Amino acid sequence: MTEAKIIDGKAFSKKVRERVAKQVERLKSYEKLTPGLAVVLVGEDSASQVYVRNKVKKTEECGMKSLEYHRDSDISEQELLTLVYSLNVNPEVNGILVQLPLPKHINPDKVIAAIAPEKDVDGFHVINSGLLATGSEDAMIPCTPLGCLLMLQDHFEGDLTGKRAVVVGRSNIVGKPMNALLLKENCTVTTVHSKTVDIEEECRRADILIAAVGKPQMIKADWVKPGAVVIDVGINRIEAEEGKTRLVGDVDFDAVKEVAGAITPVPGGVGPMTIACLLANTVKAACRQHKVDEPSGD
Ligand code: GUN
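Counting starts from 1 at the beginning of each chain's written sequence and moves along it residue by residue. Since the coordinates come from a predicted model, pLDDT governs what is reported: local features require at least 70, and pairs of side-chain atoms require 80 or more to be given and counted, while whole-chain, interface and lining totals use all residues. Side-chain figures throughout are based on the complete set of non-hydrogen atoms in the structure, without hydrogens or water.

**Points about the environment of Q289**
Looking at where Q289 falls in the secondary structure, it is placed in helix α10 (residues 270–289). Separated by 170 residues in the primary sequence, Q289 and K119 place their C-alpha atoms 8.5 Å from one another. In this description a helix means any DSSP run of H or I spanning at least four residues, a strand means any run of E spanning at least two, and both kinds are numbered starting from the N terminus.

Take a look at the structure:
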């Protein structure tokens, strides 16, 4: 068995961002429209700060307007809702992202429900998850599952029909929308989770295995069918040598790459694709709000 192809999410995401930048350039010159993304960060969570900084930087790099709202962790739920309502009616804002997790005293479901569905570039609003679940083309699709799908479509040259896909994890952010997207692509989809009986055996049946559980290196080589395509959504920080830490995925990469046909690394796989898809969703949202066709990015 030859070693797996390493799917380079960093290089692929650069191509997606370049395409978005061309679209933005065309919207600016032909429609006098500059898409705007508002990012709301509550509190001082260090991982969230890094993610938000990166989102802001990439938004500006592709020519869009970035609006940043940083609030202290003691902001009340009502104050945060009021901020979201103001962004809903702000014409400069085409996309709204409230970084999760939120402090314990704020109900994330309430905040997500307050976002105007047409500005919900995370695709978390029940209107958008409902549209995706019913196979509608109108859904805003959550960025991480969309990034995974783009990499799979690239690998399989656009056709996933009939593939047996197993999604490990049932979160609203990744697992559930990933299941819906793969089903829409004509895969036979199984979602497995902490209460699944014989999870290894289910995984071994997969032509496409998506790991999105947040458990470092949980997926072992003998869980993977030889030649399967493995997409690792996990980002976990673990102890390394000499008191240092390092990032690993939900997949035991070094062992699984000896068995899989293709695999995404961590870092440099799904992560960069998530941001690229956020930018693509923002352009899509801006075009819909202004009732203009999405320009080509070629
Ligand atoms: N926290 C971790 N991932 C995400 C994401 O995709 N969107 C938001 N809003 N928060 C997150």
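**Thoughts on α10**
An ideal rise of 1.5 Å per residue puts 28 Å on 20 residues; α10 measures up with 28 Å between its terminal C-alpha atoms. With 15 of its 20 residues buried, α10 lies for the most part within the structure. Looking one or two residues past α10, K291 carries a phi angle of roughly 55°, positive in sign. By definition here, a helix of n residues has an expected span of 1.5 Å times n minus one. Three labels apply to residues, based on accessible area from a 1.4 Å probe with only protein chains included: buried if under 20% of the type maximum, exposed if over 50%, partly exposed otherwise in between.

**Side note on the site of the ligand**
A molecule or strand has a residue near it when one of that residue's heavy atoms lies within 4 Å. Residues in close proximity to the ligand include L97, V98, Q99, L100, D122 and F124, which together make up its full environment. Within 3.5 Å is the distance limit for a polar contact, defined as a pair of N or O atoms, with the added protein rule that one can donate a hydrogen and the other accept it, and that residues adjacent in sequence qualify only through two side-chain atoms. At 2.8 Å from a nitrogen atom of the ligand is found a main-chain nitrogen or oxygen belonging to V98. Between D122 and the ligand, the recorded distance is 2.6 Å, taken from a side-chain N or O atom to a nitrogen atom. Using a 1.4 Å probe, the Shrake-Rupley method yields the accessible areas, and only the shown protein chains count as cover for residues. Look at the ligand: alone it shows 280 Å² of surface, and the protein chains cover 80% of it. Any residue that is not Ala, Val, Leu, Ile, Met, Phe, Trp, Tyr, Cys, Pro, Asp, Glu, Lys or Arg is counted as polar, Gly included; the first ten are nonpolar and the last four charged. Of the residues belonging to the shell around the ligand, the class tally is four nonpolar, one polar and one charged.

**What about the sheet that holds strand β6 (residues 188–192)?**
The strand order β1-β11-β8-β7-β5-β6 describes an open sheet built from six strands, whose pairing is parallel. The strands lining the two open edges of the sheet, one partner per strand, are β1 (5–6) and β6. Inspection of the sheet shows β1 paired to strand β11 (residues 262–263) by two bridges, in the parallel sense. Bridge pairing links K5 to A262 in β11. Residue contacts are counted whenever heavy atoms from the two residues lie within 4.5 Å of one another. In this analysis an axis means a line fitted to C-alpha atoms, helices contributing only their contacting stretch, and an angle means the value between N-to-C directions, from 0 to 180 degrees. Lying on the sheet, helix α6 (residues 143–155) is in contact with β1, β7 (208–211), β8 (229–232) and β11; it crosses β8 at an angle near 160°. Strand pairing requires that DSSP identify at least two bridges connecting the strands.

**Quick notes on the packing of α6 against α10**
Packing of α6 against α10 brings their axes to within 8 Å, and their N-to-C directions diverge by 110°. Comparing the axis directions of α6 and α10 gives the class roughly perpendicular. For the pair α6 and α10, contact is made by C143, T144, L146, G147, C148, L150 and M151 and by V270, M273, T274, C277, L278 and N281, respectively. Of the residues that constitute the contact of α6 with α10, the class distribution is nine nonpolar, four polar and no charged. Any angle that is under 35 degrees is reported as roughly parallel, and any over 145 degrees as roughly antiparallel; angles of 65 to 115 degrees are reported as roughly perpendicular and all others as oblique.

**Description of the layout of surface pockets**
Of the grid points, spaced at 1 Å and generated over the protein atoms alone, those admitting a 1.4 Å probe that cannot get out make up cavities, while open sets with protein on both sides within 12 Å along at least five of seven lines make up pockets; any residue with an atom within 4 Å of a point is treated as lining. Grid points are joined across faces, edges and corners, and a volume is the space filled by probe spheres set on the points. In this structure, the largest pocket spans a volume of roughly 1400 Å³. In terms of lining residues, the largest pocket is bounded by 48 residues, among which Y51, T144, I235, G271 and T274 are the most central. Contributions of two or more residues to the lining of the largest pocket are made by α1 (9–31), α2 (46–61), β4 (95–98), α6 and α10. The element that contributes the greatest number of residues to the lining of the largest pocket is α2, accounting for eight residues. Counted as a void, the second largest pocket has a volume near 390 Å³. What lines the second largest pocket is a set of 18 residues, among which F124, H125, S129, N172 and I173 lie closest to the centre.

**Regarding the pattern of salt bridges**
Salt bridges are defined by distance alone: a side-chain nitrogen of Lys or Arg within 4 Å of a carboxyl oxygen of Asp or Glu. Across all of its chains, the model carries 10 salt bridges by this definition. The salt bridge partner of K257 is E3, with a shortest N-O separation of 3.7 Å. Taken together, the positions of K257 in the loop between α9 (253–256) and β11 and E3 in the segment before β1 put the pair 254 residues apart, joining distant regions of the chain. A relative accessible area of 15% means that K257 is categorised as buried. Residue E3 is classed as partly exposed on the basis of its relative accessible area of 46%. R204 is the salt-bridge partner of E201, the closest N and O atoms lying 3.0 Å from each other. With a gap of three residues between them, E201 and R204 both fall in helix α8 (residues 199–204), about one helical turn apart. R204 sits in the partly exposed class, given a relative accessible area of 31%. Here the salt bridges share partners, and the residues they tie into one network are E3, K257 and E258.

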